[in-house]
Structures are given as structure tokens and as C-alpha cells.
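Residue-level structure breakdown
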Amino acid sequence: MIVTSRSDNVLSGTSGRWRVWSLSDGTLEMPADLLRDPQNNPVPQAVQAGAQLRLSVNCFALGGPGVDGVLIDSGGGGWASTIGRLEQTMAEARIDPASITILVLTHTHQDHVHGLLTPDGRVLFPNLKAIVIPEAAVEGFFAETHLAQFRPLLKPIRNGEQVAERLSAVALPGHAPGHTGYAFDTDEDRFLFFGDIVHVPALQFSNPAFSWGYDDDQPTARATRLKVFHDAAEAGTWIAGAHLGRPGVGRVVRKAGAYAYEPAA
Ligand SMILES: [Zn+2]
């Protein structure tokens, strides 16, 4: 991937005939004691650093043959006052929300699905034709009753299924029901849009055993994180995470018996 532009809110890159955008939806302040060690105790390094952790919230758009109009996760809309910036960020990136036709969800937590509606309640993507959703996450979407108008668009998928040309679902279990990443292969680069594999990049690459208090199944989430880091480091895969620090895209490399995150330059 060649990074063609970068600001605080937008990273745009090209890979062969394709483009990838990382778009900021804002940041979330979360209690530091949500980061947990393998015994499910708060992590002292996180708690000492301050009472709050600031998480980036990122969405990703794709462009090019077969993937024009694909957006991965929608951010949090009006769920919290510090997020819901996706519409402004898309304007900065010169992406018209009306061009988005397929929303692809990693899971159905609020900071990933509430962006279907803007903070003031408008439908952000008027030409949406499908919402690709992990089969096991459909129930969670139905629980979001204020999003009922979007239910007819749901297209449940399973692990390994193709979402669009060169884009396929990769089960990444542990964080939430059906939590799924999406692998995108351009021949020149491989990307993994991995949703909520990492919440605190400053500590979880160097300590992949640290989990997040909202991981449904912490041992499974931990095993998934280790496998993702291992495989992505081996293959040189670009990782793109909903809560990776801006620009939200980079590589994972081995370092001192663990890993490190190298943001795209
Ligand atoms: Zn999240």
C-alpha cells in the first residue's frame, strides 16, 4: 500500500487498482480498569496511566473493481458525544455517503452500528443496498430496536464466505457474538480489517495476553489476538482496526518476544 494522503482523521492509500481509506469517527474515553490481565484483574500499567483510556474509533472504506461502495463498520453515530464524526470525516476524504452501497459489520456493538444514523437522527447512507453481518450477530442487531428500519438489508454471512470481489469473512471469535474480520487481497497487499482485536494498542501489542473487559470470552479473545498477530506478522499483512490508534492501519511486527504496532507512515 502506498499512502497517498494522511491527516488526523483520514488516511488514504492505494494498492494496485484499489484504494483503502481509514476514517475517524472520533474517540471514546473508557475506564482504564477495563484492560484485564489473564486472571481478569485490572492491568496496573493501564490504571496508573490514568483513570481513562482514549480509544480511537475507525471505519474503513474501499474503492476499486468489485469493492466500490464498501464501508466496514459505521462508527457510533449518536451513541456518545465524542464519536459520530464519520459524516464530517467522509466529507474531508471526499467520499459521498450516497456512494456507500454495502456496509460490512465486524459485530454489532454500539460503536460499530449506530453510525447508520447520524447523531441528529438522519439516515447517513441513503443508497445502502446491503448490510453484511456475521450470522451469529444478527440477534444483536435486532436488539438495536431504533435500527429496525435497516433489518430488511441484512445479509448474514459465515466464516470464509466472500463478501465482495477479493473481500472475505474471517471468523475472529471471542469479543462479541460472531465477531468477524474481513480479509482483502489486492495481489500486491493483503489487509485484515479486524474489528475489536485490539482496544489499547499502547499495551496490547507488547502484552497480547491483556484482554478487554467487554470481550465476551476473554480466553478465546486472547487466543484469537495471538493468532492474528502471529499470522499478520509472518505474512506482512496490513492490519486495520476499529480501535487502533490513528491512522488505524499499520503492520504488526515481532519485538522482544511479543509484538509492536507500526502505523502506516
Ligand atoms: Zn468496538
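As the structure is a computational prediction, the values presented were derived from the model and not from experiment.

Ranked by size, the top nonpolar core spans 27 residues in total, and within it Leu23, Leu71, Leu116, Phe125, Ile131 and Phe141 carry the most contacts. For Phe141, the contacting residues outside a window of four places in its chain are Leu105, Thr108, Val113, Leu116, Ile131, Ile133, Leu147, Phe150, Arg151 and Leu154. One finds Trp18, Leu62, Leu167 and Trp238 within the second-largest nonpolar core, a separate group that totals 24 residues.

Now for the coordination of the zinc ion. The protein atoms that coordinate the zinc ion are Asp111 (OD), His112 (NE2), Asp196 (OD) and His243 (NE2), at distances of 2.1 to 2.4 Å. Viewed at the metal, the four donor atoms of the zinc ion are separated by angles of 84 to 165 degrees, and the geometry they form is irregular. Each donor residue of the zinc ion lies on the same chain, and together they follow the pattern D-H-x83-D-x46-H. You can see Asp111 sitting in helix H3 (residues 110-113) and its partner Asp196 sitting in the loop between strand S13 (190-193) and helix H5 (201-204), a full 85 residues away along the chain.

Strand order in this open sheet of eight strands is S1-S2-S3-S5-S6-S7-S8-S9, and the pairing throughout is mixed. Each edge of the open sheet carries a strand with a single partner, namely strand S1 (2-6) and strand S9 (154-157). Pairwise comparison of adjacent strand axes, ignoring direction, gives a mean angle of 25 degrees for this sheet. Both strand S2 (residues 10-15) and strand S3 (residues 18-31) contribute to a ladder of six bridges, which runs antiparallel. Looking at the pairing, Leu11 lines up with Ser22 of S3.

Taken as a whole, this structure holds seven salt bridges when the rule is applied. The residue Glu29 makes a salt bridge to Arg54 at a minimum N-O spacing of 2.6 Å. Note that Glu29 is positioned in strand S3 and Arg54 in strand S5 (residues 52-63), a separation of 25 residues in sequence. A salt bridge links Arg166 to Asp187, with the shortest nitrogen-to-oxygen separation between them at 3.3 Å. You can see Arg166 sitting in the loop between strand S10 (162-164) and strand S11 (167-171) and its partner Asp187 sitting in the loop between strand S12 (180-185) and S13, a full 21 residues away along the chain. Residue classification places Arg166 among the partly exposed positions, given a relative accessible area of 24%. It is possible to trace a salt-bridge network through shared partners that takes in Glu87, Asp120 and Arg122.

Reading the values: the criteria
Residues numbered from 1 in each chain as written. Predicted model: local features only at pLDDT ≥ 70, side-chain atom pairs only at ≥ 80, totals over all residues. Heavy atoms only, no water. Core = buried A, V, L, I, M, F, W, Y, C linked by side-chain atoms within 4.5 Å. Buried < 20%, exposed > 50% of the residue type's maximum accessible area, 1.4 Å probe, protein only. Contact = heavy atoms within 4.5 Å. Donors = N, O, S within 2.8 Å, 3.2 Å for Na, K, Ca; no water. Tetrahedral: all angles 85-135°; square planar, octahedral: opposite > 155°, others 65-115°. Helix = DSSP H or I, 4+ residues; strand = E, 2+ residues; numbered from the N terminus. Pairing = 2+ DSSP bridges. Axes fitted to C-alpha atoms, helices over the stretch in contact; angles between N-to-C directions. Salt bridge = Lys/Arg side-chain N within 4 Å of Asp/Glu carboxyl O.

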